Every structure is written in C-alpha cells, then in structure tokens.
Amino acid sequence: MAEPTMPILEIRSVFKDFMLQGDRIEALSNASLKVPRGQFVCLIGASGCGKSTLLRILAGFETATRGDVLMWGKPIAGPGPDRGMVFQDYALFPWLTVRQNIGFGPASRGLGKAEVKDTVAKFLDLVGLSRFADAYPHQLSGGMKQRVAIARVLANDAQMVLMDEPFGALDAMTRERLQDELLDIWQRTKLTVIFVTHSIEEAIFLADRIVVMTPGPGRIDSDVAVSLQRPRDVSAPDFNEVRRLLSRKLHSHHGRKAA
C-alpha cells in the first residue's frame with residue numbers, strides 16, 4: 001500500500017534522445033516533476049517541446065534514455081491499466097459499439113459478464129451516453145467519441161489519466177462543453193490527470209497546476225500553481241493575469257530560440 005504522502009507520479013531527471021537520419025535528437029532534457037494523487041496538471045509549450053514524448057513515457061509506450069519515472073514509487077516499465085491514455089483522434093474500435101468499446105478493458109481483465117455490464121452502465125451514465133450505448137463510433141459526433149474514449153479509460157480502473165490534446169480537433173462550443181464535463185468527472189472520481197495542450201486558456205481553465213516546457217530539448221521551465229476558484233471565468237481579471245504571466249513565459253522561449 002502506498003504511503004499517504006507519496007506522490008502518485010515522480011519524474012526524476014528524465015532525458016529522451018532519438019536518432020533521426022543518423023543524428024541524435026534530444027527531445028527531453030533533465031525533466032523532473034512530482035504529482036500528488038488527485039491533482040489536475042496541464043503541460044504547455046511550443047510544438048516540439050517534448051510534451052507528448054513525456055506523456056508517452058508516462059504511459060509506458062516509450063522508455064526514457066536516462067532517468068526514472070515512478071508510479072507509487074515503482075518504475076513504470078510498460079503500459080498498464082492503472083494509466084489510461086486519451087488521444088486527440090479518439091482511438092476507438094470502429095467495429096465495436098459504444099457499450100463494447102467501454103467494456104473491452106474490463107472484459108480483457110477477466111471480469112465476469114455481470115460485473116462488466118455493471119461497470120459499463122456506470123461509466124455510460126457518468127459521461128451521459130446511456131442512450132447511445134448500442135451506436136457505433138461512426139454514428140457519433142466528435143465530442144461524443146471523446147466521451148466514449150474517456151469512459152473507456154475510466155472503466156479500465158485507471159488511477160491516472162494521460163490526455164494528449166484530447167479536445168484539439170473539436171469546434172469551440174464542443175470543446176468548452178467537454179472541458180466542463182471533464183472537470184465534473186475529475187471532481188467526482190478524484191483521478192489524477194496529466195493533460196497536454198497548446199492552449200493557455202484551456203490550461204488555466206482546467207488545471208490546479210501548469211507546467212511550462214521550453215522548446216527542444218524539452219525542459220521544465222516553470223511550474224505555476226493556479227489558485228483561482230472554480231468554476232473559472234475566462235473573462236475575469238485574475239484569470240487574465242495568469243494568462244499574461246504564462247504568455248510572457250512562452251514568448252520568452254521563442255525569443256531565446258530565435259536568438
């Protein structure tokens with residue numbers, strides 16, 4: 001059993017190198033971070049700063065070149081049901097219904113039919129898709145597909161959800177609605193969320209904490225606590241004060257890169 005004070009996630013001096021056409025590319029450099037259970041953390045930074053690479057290392061899809069990544073004090077050695085990944089392109093099985101997509105993980109873990117059925121019903125209700133349980137992905141809107149993707153991760157008993165620009169392909173109104181729904185799900189489930197986004201406004205609206213990364217090689221430049229009360233008003237002066245702070249940090253990176 002994990003100690004109460006132990007962070008759910010600890011990243012210790014992580015480096016990640018790739019070989020590209022014979023050249024070594026440093027994607028991440030000396031990244032370190034601790035995340036307590038139940039926190040909502042957003043990673044922001046320019047394209048190519050290593051946000052998605054770091055997320056894939058946390059998911060176990062890639063390994064760090066150097067350094068350690070720990071969940072509950074144990075090394076992450078590969079993908080696992082304790083960490084669920086939500087992608088921008090939904091990654092649903094097109095030949096399965098909504099119900100079957102959500103039930104795929106629990107059934108694969110060996111749960112009995114009755115338990116799978118109850119689990120699926122619970123998460124269909126949580127994301128408001130009970131009426132669409134027997135629809136196929138091609139019959140759903142983009143926002144509905146993303147809600148299925150979130151429900152599928154939660155049904156797999158994930159403790160930490162890794163989200164790689166999950167709302168980036170959606171229209172503005174759908175994106176805002178799903179942001180509200182994600183916050184509602186997070187507050188009800190007490191999950192730990194690591195959320196990659198290019199949008200400063202989205203990060204401030206969602207996060208307890210915003211981690212700013214520099215352009216490649218990706219380094220953690222700053223770690224900003226967001227203490228604004230929820231629900232947050234994007235037009236409020238205190239919201240825009242945080243926006244200006246983060247915007248200055250990101251623009252200073254562009255300046256250094258250009259120099």
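Just above sits the structure.
Residues numbered from 1 in each chain as written. Predicted model: local features only at pLDDT ≥ 70, side-chain atom pairs only at ≥ 80, totals over all residues. Heavy atoms only, no water.

Colleague: Mind showing me how you'd approach the overall build of the protein here?
Modeller: Across its full length, the protein carries 7 helices and 10 strands. For the protein, the C-alpha radius of gyration of 19 Å lies close to 18 Å, the compact-globule estimate for 259 residues. When the backbone C-alpha atoms are referred to their principal axes, the protein occupies close to 60 × 45 × 45 Å. Per-residue burial for the protein yields a buried fraction of 49% across its 259 residues. (Helix = DSSP H or I, 4+ residues; strand = E, 2+ residues; numbered from the N terminus. Rg over C-alpha atoms; globule rule 2.2 N^0.38 Å. Buried < 20%, exposed > 50% of the residue type's maximum accessible area, 1.4 Å probe, protein only.)

Colleague: Sorry, what's going on with the environment of P106 here?
Modeller: As for its position among the elements, P106 is in helix 2 (residues 98-108). The spacing of P106 and E176 is 70 residues in sequence and 30 Å in space, taken between C-alpha atoms. What P106 contacts, discounting residues up to four positions off in sequence, is L111, V116, T119, A155 and N156. (Contact = heavy atoms within 4.5 Å.)

Colleague: Could you clarify how one ought to interpret the nonpolar core in this entry?
Modeller: Among soluble globular proteins, nonpolar side chains are generally buried collectively. Judged by nonpolar contacts, the single largest core of 55 residues is most densely connected at F40, I102, F195, I204, I210 and L246. At 8 residues, helix 4 (residues 142-155) tops the list of elements feeding residues into this core. Apart from the residues lying within four places of it in its own chain, the contact partners of I102 are V120, F123, L124, V148, A151, R152 and A155. Counting 25 residues, the second-largest nonpolar core is a separate cluster that includes L28, L33, I57 and A59. (Core = buried A, V, L, I, M, F, W, Y, C linked by side-chain atoms within 4.5 Å.)

Colleague: Before we go on, may I ask you to explain the packing of aromatic side chains in this structure?
Modeller: In this description, an aromatic ring pair is defined by two values, namely the gap between the centres and the angle between the planes. Counted by the stated rule, this structure contains 6 aromatic pairs. With centroids separated by 5.2 Å and ring planes inclined at 35°, the aromatic side chains of F93 and W95 adopt a geometry described as tilted. Over the aromatic face of F15 sits the side chain of R66, whose NZ or CZ is 4.1 Å from the ring centroid. Geometry around F93 places R152 over its ring, the cationic atom sitting 5.4 Å from the centre. (Phe/Tyr/Trp six-rings, centres within 6.5 Å; stacked < 30°, edge-to-face > 60°. Lys NZ or Arg CZ within 6 Å of the ring centre and 35° of its normal.)

Colleague: Could you clarify how one ought to interpret a nonpolar patch on the surface in this entry?
Modeller: A cluster of nonpolar side chains, F18, L20 and I25, forms an exposed patch at the surface whose accessible area comes to about 260 Å². Among the structural elements, F18 can be located in strand 1 (residues 9-20). (Patch = residues over 30% accessible without salt bridge, like charges linked within 9 Å, V, L, I, M, F, W, Y side chains within 5 Å. Areas by Shrake-Rupley, 256 points an atom, 1.4 Å probe, with all protein chains shown as cover. Salt bridge = Lys/Arg side-chain N within 4 Å of Asp/Glu carboxyl O.)

Colleague: Is there a simple way to think about unusual backbone geometry in this case?
Modeller: A negative phi angle is the norm for most residues apart from glycine, just as the trans form is the norm for most peptide bonds. Residue P231 follows R230 across a cis peptide bond; omega there is -5°. As for its position among the elements, P231 is in the loop between strand 10 (220-225) and helix 7 (237-258). Notably, S13 is not glycine yet its phi reads approximately 45°, a positive angle. Here S13 shows up in strand 1.

Colleague: Looking at this model, I keep getting lost on the pattern of salt bridges. Mind explaining?
Modeller: Two side chains that carry opposite charge are able to pair once their charged atoms sit near each other. Per the counting criterion, the structure on display carries 12 salt bridges. Two residues, R56 and E62, come together in a salt bridge whose shortest N-O distance is 3.1 Å. Notably, a salt bridge pairs D223 with R209, separated by 2.7 Å at the nearest N-O pair. With D223 in strand 10 and R209 in strand 9 (residues 209-213), this pair connects stretches of sequence that are 14 residues apart. With relative accessibility at 12%, the residue R209 sits in the buried group. A single salt-bridge network, built from bridges that share partners, covers E10, R12 and K34.

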